[in-house]
Amino acid sequence: MIDVRTCEINLNHWYVVAQSKEVSTKPIAVQLWHHSIVLYRDNQGKIHGLENSCPHRRVQLSEGKVINNFLECAYHGWQFNEQGDCTLIPYLSDNQALPNCKIKPYSLQESDGFIWIFLGDKEVLEEQKIQPMSLPEWEHLNYIGTVSVIDCQAHFSFLIENLMDMYHGHLHDNYQAWTGAQLKDLSTTEEEVRATYEAQSYYKIDKIWSISQLFFPRFRSLHSEQLMVRYIYPHWQSQLGADFTIYCLFSPINNTHTRAYLIHFTSLNAFWRLHKLPRWFRQLIKDKLWGTAQTMLDGLVEQDIKMIEQEQQAYSQPLKRRNYEINPTISAVQAMVKKQAKSEAIN
Ligand code: FES
Ligand SMILES: [Fe+2]
């Protein structure tokens, strides 16, 4: 029987490794499922990703610099082009040839504020035209975003179970936007598990001042809303009524370390007067309000990480103790993790 806690990721999907704003002409090191990758921008602003290991002495190329669009290693100054070929050794003598020491280039895309990497089979990528998850709210003027980074010492299955199991609102107390969730519907398709809960939401974003509900509990009042959560393998999306959309973009590092980006969007759709204002002004509002939910989102993340890491620690104990689960969403999520891991093994 496959153990969900040791499942591989299905590599034939796009995974996030960084936010666009984190990558400049100064190289940075990122990791994705046992791969160490150096990311950098060339002088035209285009992003490139190479194996983060200089073939000369195996130091990290992320210590180096971008010189005329080539990545230069910090140690002896060897340079590499975007395909990973060594193009220059500063002390090469006339009778020596450049060594044939290619490093691996990665397929990447920049979209909706993130850098995405595809580690899988290039033929499958082209045949199936696999695309990164889209976040239309990222650029849309009617949405205000907040990003929080999740970095936890646990297998990614613990994180997705946490995100799909809305009964854990119990943990979040004052940070959570809703309470009293009840599972109403659960469905699974080829690549998606969808759970619909009925919940009592604290927030209603229908007046401009309602944004202040995020800071002052006394402005909140409970009302029924639908809370939908979707595991769109390998990422997650949730919708609370019409006002809030949250994404979690996964970036699993290895079997016991998971990074992810949680992106919270508050909708301004209810403010029809706002939409009549000039675009530059709406953009200004979007930019000024960016990060409004930071304290709340970081607080939620901190509480979740603590629980998720304890689950992993309990799992890693030599003495195995069984769990007792009553939410059917969890078995649907585990089945998806296992099925995707299996399809990776077949590919
Ligand atoms: S280790 Fe990179 S140039 Fe020598
Ligand atoms: Fe949570």
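Residues numbered from 1 in each chain as written. Chains lettered and ligands numbered in written order. Predicted model: local features only at pLDDT ≥ 70, side-chain atom pairs only at ≥ 80, totals over all residues.

Asks: Looking at this model, I keep getting lost on the nonpolar core. Mind explaining?
Replies: In globular proteins that are soluble, nonpolar side chains generally tend to be buried together. Core analysis: the biggest nonpolar cluster contains 78 residues, and Val17, Leu159 and Leu249 have the highest contact counts within it. Those residues in contact with leucine 159, other than ones at most four positions away along the chain, are Ile150, Cys152, Ala154, Thr258, Ala260 and Ile308. (Core = buried A, V, L, I, M, F, W, Y, C linked by C-beta atoms within 7 Å. Buried ≥ 20, exposed ≤ 12 C-beta atoms within 10 Å, placed from the backbone. Contact = placed C-beta atoms within 7 Å.)

Asks: Hey, could you run me through the domain arrangement of the protein chain in this one?
Replies: Accessible area lost during the coming together of the parts is what is often quoted as the interface size. Domain boundaries assigned for the protein chain yield domain 1 (7–128) and domain 2 (143–346). Placing a centre on the C-alpha atoms of domain 1 and another on those of domain 2 gives a separation of 32 Å. With 16 residues of domain 1 in contact, the opposing surface of domain 2 contributes 18 residues. Elements with a contribution of two residues or more to the side of domain 1 that touches domain 2: strand 1 (15–19) and strand 2 (28–32). The biggest single contributor to the side of domain 1 that touches domain 2 is strand 1, with four residues. (Domains from an automatic or database assignment. Helix = DSSP H or I, 4+ residues; strand = E, 2+ residues; numbered from the N terminus.)

Asks: Explain the packing of helix 2 (residues 156–164) against helix 5 (residues 294–316) to me, please; I cannot follow it from the model alone.
Replies: How two helices sit against one another is set out by the angle between their axes and by the gap between those axes. The geometry of helix 2 relative to helix 5 is characterised by a closest axis approach of 10 Å and an angle of 135 degrees between their N-to-C directions. The angle between helix 2 and helix 5 falls in the class oblique. Crossing angle aside, the handedness with which helix 2 passes helix 5 is right-handed. Residues Phe158, Leu159 and Asn162 of helix 2 lie in contact with helix 5, whose contacting residues are Asp304, Met307, Ile308, Glu311 and Gln312. Here the residues of the contact of helix 2 with helix 5 are counted per class, giving four nonpolar, two polar and two charged. (Axes fitted to C-alpha atoms, helices over the stretch in contact; angles between N-to-C directions. Parallel < 35°, antiparallel > 145°, perpendicular 65-115°, else oblique. Left-handed = near helix turned anticlockwise from the far one by under 90°. Nonpolar A, V, L, I, M, F, W, Y, C, P; charged D, E, K, R; others polar.)

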